[in-house]
Number of protein chains: 2
Amino acid sequence: MSNIITLGRQFGSGGREIGKRLADALGYTYYDKEIIGLIAEKSGLSEEFIASRDEERIIANYSITMGRTFIAPMVNFSDNVFIEQTKILKEIAQKGNCIIVGRCADYILREQDPFKIFIMGSDMKKKIDRCYEKEPADKDKSQKEIEKKINEIDKSRAKYYDYYTDRKWGALSNYNIALDSSRIPIKTAVEVIKMAYEKR
Amino acid sequence: MSNIITLGRQFGSGGREIGKRLADALGYTYYDKEIIGLIAEKSGLSEEFIASRDEERIIANYSITMGRTFIAPMVNFSDNVFIEQTKILKEIAQKGNCIIVGRCADYILREQDPFKIFIMGSDMKKKIDRCYEKEPADKDKSQKEIEKKINEIDKSRAKYYDYYTDRKWGALSNYNIALDSSRIPIKTAVEVIKMAYEKR
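Residues numbered from 1 in each chain as written. Chains lettered and ligands numbered in written order. Predicted model: local features only at pLDDT ≥ 70, side-chain atom pairs only at ≥ 80, totals over all residues. Heavy atoms only, no water.

Is there a simple way to think about the relation of the copies chain A and chain B in this case?
What connects the two chain copies is a rotation about an axis and a shift along it. Superposition of chain A onto chain B requires a rotation of 180° combined with a translation of 0.0 Å along the rotation axis, giving an RMSD of 0.0 Å. Overall, the copies show the geometry of a two-fold rotation axis. (Least-squares fit on C-alpha atoms with pLDDT ≥ 70 in both.)

Help me understand the packing of helix α2 (residues 34-43) of chain B against helix α4 (residues 79-95) of chain B, please; the structure alone is not making it clear to me.
For any two helices packed against each other, the geometry is given by the interaxial angle and the distance between the axes. Residue and element names in this part refer to chain B. Two elements in contact, α2 and α4, have axes separated by 9 Å at closest approach and are oriented at 105°. One element, α2, and the other, α4, form an angle in the roughly perpendicular class. In contact with I35, L38, I39, K42 and S43 of α2, α4 contributes V81, E84, Q85, I88, L89, E91 and I92. Among the residues forming the contact of α2 with α4, the class breakdown is 7 nonpolar, 2 polar and 3 charged. (Axes fitted to C-alpha atoms, helices over the stretch in contact; angles between N-to-C directions. Helix = DSSP H or I, 4+ residues; strand = E, 2+ residues; numbered from the N terminus. Parallel < 35°, antiparallel > 145°, perpendicular 65-115°, else oblique. Contact = heavy atoms within 4.5 Å. Nonpolar A, V, L, I, M, F, W, Y, C, P; charged D, E, K, R; others polar.)

Mind showing me how you'd approach the pattern of salt bridges here?
Overall, the coordinates contain 50 salt bridges over all chains when judged by the stated rule. In this structure, K141 of chain A and D138 of chain A form a salt bridge, with 2.9 Å as the shortest nitrogen-oxygen distance. Note on D138 of chain A: relative accessible area 0%, which makes it buried. Here E135 of chain B ties to K149 of chain B by a salt bridge, and the two come within 3.6 Å at their closest N and O atoms. Of this pair, E135 of chain B sits in the loop between α6 (124-134) and α7 (143-164) while K149 of chain B sits in helix α7; the two residues are 14 residues apart in sequence, bridging distant segments of the chain. The class for E135 of chain B is partly exposed, based on a relative accessible area of 29%. Taken together, the shared-partner salt bridges in this structure form one network comprising R9, R16, D32, K33, D54, E55, E56, R103, D154 and R157 of chain A. (Salt bridge = Lys/Arg side-chain N within 4 Å of Asp/Glu carboxyl O. Buried < 20%, exposed > 50% of the residue type's maximum accessible area, 1.4 Å probe, protein only.)

Would you mind going over the interface of chain A and chain B with me for this structure?
Think of interface size as the accessible area that goes away when the parts come together; that is how it is often given. Each side of the interface is counted separately: chain A has 25 residues, and chain B has 25 residues. Interface area for chain A against chain B, summed over the two sides, is near 2300 Å², with a carbon-plus-sulfur share of 60%. The largest per-residue losses of area from chain A upon contact with chain B belong to L172, N176 and R183 of chain A, which jointly make up 32% of the total buried on that side. Put simply, chain A and chain B have 4 salt bridges between them. The partner of K199 of chain A in a salt bridge is E191 of chain B, with the nearest N and O atoms 2.9 Å apart. (Buried area = accessible area lost by both parts, 1.4 Å probe.)

In this structure, what is going on with the nonpolar core? I would like to understand it.
Across soluble globular proteins, nonpolar side chains have a tendency to be buried as a group. One finds I100 of chain A together with I100 of chain B to be the most contacted residues of the largest nonpolar core, which totals 65 residues. When sequence neighbours within four positions are dropped, the list of residues in contact with I100 of chain A reads I4, I5, T6, L7, Y31, I35, L89, I92, A105 and L109 of chain A. Counting residues in each nonpolar core, the second largest holds 48 residues, with L179, A189 and Y197 of chain A together with L179 of chain B among its members. (Core = buried A, V, L, I, M, F, W, Y, C linked by side-chain atoms within 4.5 Å.)

Would you mind going over the packing of aromatic side chains with me for this structure?
Each aromatic ring pair is characterised by the separation of its centres together with the angle its planes make. Counted under the stated rule, the structure contains 16 aromatic pairs over all chains. Summarising the aromatic geometry, the rings of Y160 of chain A and Y164 of chain A are spaced 5.3 Å apart at their centres and angled 70° between planes, so their arrangement reads as edge-to-face. Of this pair, Y160 of chain A and Y164 of chain A both sit in helix α7 (residues 143-164), separated by 4 residues, roughly a single helical turn. Each member of the pair Y160 of chain A and Y164 of chain A is classed as buried. Taking NZ or CZ as reference, R110 of chain B lies 4.0 Å from the ring centre of Y107 of chain B, over its face. The ring of Y197 of chain B has R200 of chain B lying over it, and the distance from NZ or CZ to the ring centre is 4.0 Å. (Phe/Tyr/Trp six-rings, centres within 6.5 Å; stacked < 30°, edge-to-face > 60°. Lys NZ or Arg CZ within 6 Å of the ring centre and 35° of its normal.)

Explain the packing of helix α1 (residues 15-26) of chain A against helix α8 (residues 186-198) of chain A to me, please; I cannot follow it from the model alone.
Residues and elements named next belong to chain A. Interhelical geometry of α1 versus α8 gives an angle of 50° and a closest axis separation of 9 Å. Taken together, α1 and α8 sit at an angle that is classed as oblique. Crossing angle aside, the handedness with which α1 passes α8 is right-handed. From α1, E17, I18, R21, L22, A25 and L26 reach across to α8, where they touch I186, K187, A189, V190, I193, K194, Y197 and E198. When its residues are assigned to classes, the contact of α1 with α8 shows 9 nonpolar, no polar and 5 charged. (Left-handed = near helix turned anticlockwise from the far one by under 90°.)

This is the structure we're talking about:
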């Protein structure tokens, strides 16, 4: 039985924290932004470049205006980064005992049949509050600005996933367990997923 | 906090069994086909008529041919049955401590903010095996016939849900927890949902 866990998440849902805590509870290695460093090491591409092509930044400079002319959003796919990332994820998977966040890992590792988690947040207000609490850069933003950011990041993640896979981001059929962190507290979510994983 | 649980499910996923066991574990009342009898009692409509307009039978006589002429599937919505069902569900909800399976209950009771579960099954072979095991009428059918039946019933449930609500059947955003019973055994699923519900 595979000992690889993948985790997709809506922005602001606490998916990252759930993944980290779950990794601690299981004694697994946690991979999220760490993957950027690994790709840089392997490929020679700069971390800045790789980060700028990461799933959250695919739609960059969301709405650009030059003078009075509106220019459509830039779309920053880099197939090279994706190919390097695929290699790294397959290496990570070979070692097993890991949780990998985002980055189409559920699709890339489909032959290893990972246990697939999705964390969503049904309550926008709670996601905004979480950003105020967890993201220093958001302290001075209005609620409206943060809501816009949340929607744009999720849109970018979806675009990235739908571009590189034959699946749909956030579609139930891609996951083995999905939890709404607006209704189920993070501590409970970790316990629940751990039980589902260990008694699967 | 609401003490109403709603449960949507793919056909063959064991959602019914999970709902029943969860109701037992929580000491809640379980409502599924029981609702048909309640509607009949209240409305004077016959149980046969109500059952024929139930969510699984909306697409009836899936493909009809008369002589050589193919006739499109019949669609059997009955708004009267739905209106009576809505009244019954609201009465049930007032008593609380209940699990209601299917029938757009998550939507009808949205103001009561129920805890919303969805059970899916990612492995068609396992769903077919479950039909062989649980449905006496399926004993003599081929795997292909059962697969067709599973797909048609889910299609009917989706059509029913999408017709009467402004939501999409099986879309993650409608649920607080979703489990894949092909990956998580029924016994575990019940424990996991119970924990998520009690520690929400």
